[in-house]
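# Geometric and topological summary
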Amino acid sequence: MPDASYIHAFGAYLPERVVRSAELAEQLGCTAEWIESVSGIRERRWAGEETVADLAVLAARNCLARAGIEAAQVGLLIVASGSAERRFPGPGATVAAALDYI
């Protein structure tokens, strides 16, 4: 029987700075309630100087630690983002290199 594919663990990372709708409302000249009513968002995380790849590396390290495995044991690495800092190569290449996956 061939090897099965499955998700062994999940990882996560959130930037430390929390930006609430009230903080944005002051800058945008509206109310926090209005922002929440149109977006459904009360707070979000602010990455600051961290790139999409930086966030992905931290989340991947968290995932690997939770799974108790090394990056070399992973069969496939997928990084998806609509806000990478450059078009090519995408953040997946940066993440793979940071994890010594490639």
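This report concerns the structure included in the present document.

Conventions and cut-offs
Residues numbered from 1 in each chain as written. Predicted model: local features only at pLDDT ≥ 70, side-chain atom pairs only at ≥ 80, totals over all residues. Heavy atoms only, no water. Core = buried A, V, L, I, M, F, W, Y, C linked by side-chain atoms within 4.5 Å. Buried < 20%, exposed > 50% of the residue type's maximum accessible area, 1.4 Å probe, protein only. Helix = DSSP H or I, 4+ residues; strand = E, 2+ residues; numbered from the N terminus. Phe/Tyr/Trp six-rings, centres within 6.5 Å; stacked < 30°, edge-to-face > 60°. Lys NZ or Arg CZ within 6 Å of the ring centre and 35° of its normal. Expected span 1.5 Å × (residues − 1). Contact = heavy atoms within 4.5 Å. 1 Å grid on protein atoms, 1.4 Å probe; cavity = no way out; pocket = protein on both sides within 12 Å on 5 of 7 lines; lining within 4 Å. Points joined across faces, edges and corners; volume = space filled by probe spheres on them. Nonpolar A, V, L, I, M, F, W, Y, C, P; charged D, E, K, R; others polar. Polar contact = N/O pair within 3.5 Å; in protein donor to acceptor, adjacent residues only side chain to side chain. Arc of directions from axis to C-beta.

### Let's talk about the nonpolar core
In this structure, A53, A56, V57, A60, L64, A71, V95 and L99 together form the largest nonpolar core, which totals eight residues. Here this core gets five residues from one element, more than from any other, and that element is helix α3 (residues 52-67).

### Observations regarding the packing of aromatic side chains
Applying the stated criterion across every chain yields a total of zero aromatic pairs. Stacked on the ring of W46, the Lys or Arg R17 has its end atom at 5.3 Å from the ring centre.

### Digging into α3
Residues that lie three or four places apart on an α-helix share one face, since the helix turns once every 3.6 residues. Taking 1.5 Å of rise per residue, 16 residues should cover 22 Å, and α3 covers 22 Å from first to last C-alpha, within 8% of that figure. If you follow the buried residues of α3, they end up packed against α4 (91-98). Looking one or two residues past α3, G68 carries a phi angle of roughly 70 degrees, positive in sign.

### Quick word on unusual backbone geometry
In this model, F88 is joined to P89 through a cis peptide bond whose omega is -10 degrees. Here P89 shows up in the loop between α3 and α4. Non-glycine residue D100 carries a positive phi angle of around 55 degrees. When you line up the elements, D100 lands in the segment after α4. A residue is classified by how much of its surface remains accessible, and D100, at 63% relative accessible area, is exposed.

### Examining the layout of surface pockets
Taken as a whole, the largest pocket spans an internal volume of roughly 820 Å³. Along the walls of the largest pocket sit 27 residues, with A9, C63, V74, L76 and L77 positioned nearest its centre. Ranked by residue count, the leading element in the lining of the largest pocket is α3, at seven residues. Here the lining of the largest pocket is built from residues that sort into 22 nonpolar, five polar and no charged.

### Here's the deal with the side chain of S21
For S21, the position within the fold is in helix α1 (residues 21-28). One polar contact links S21 to R44, side chain to side chain, over a distance of 3.4 Å. Apart from residues lying up to four places away in sequence, S21 is in contact with A32, I35, E36, I41, R42, E43 and R44.

### Observations concerning α1
Buried residues of α1: S21, L24 and A25, and no others. An end-on view of α1 places all buried positions within 105 degrees of arc, on one side of the element. Those residues of α1 that are exposed and aimed more than 90 degrees away from the buried face are E26 and Q27. Buried residues along α1 sit in contact with β1 (17-20), α2 (32-39) and β2 (43-46). One or two residues past the end of α1 sits G29, with phi positive at roughly 70 degrees.

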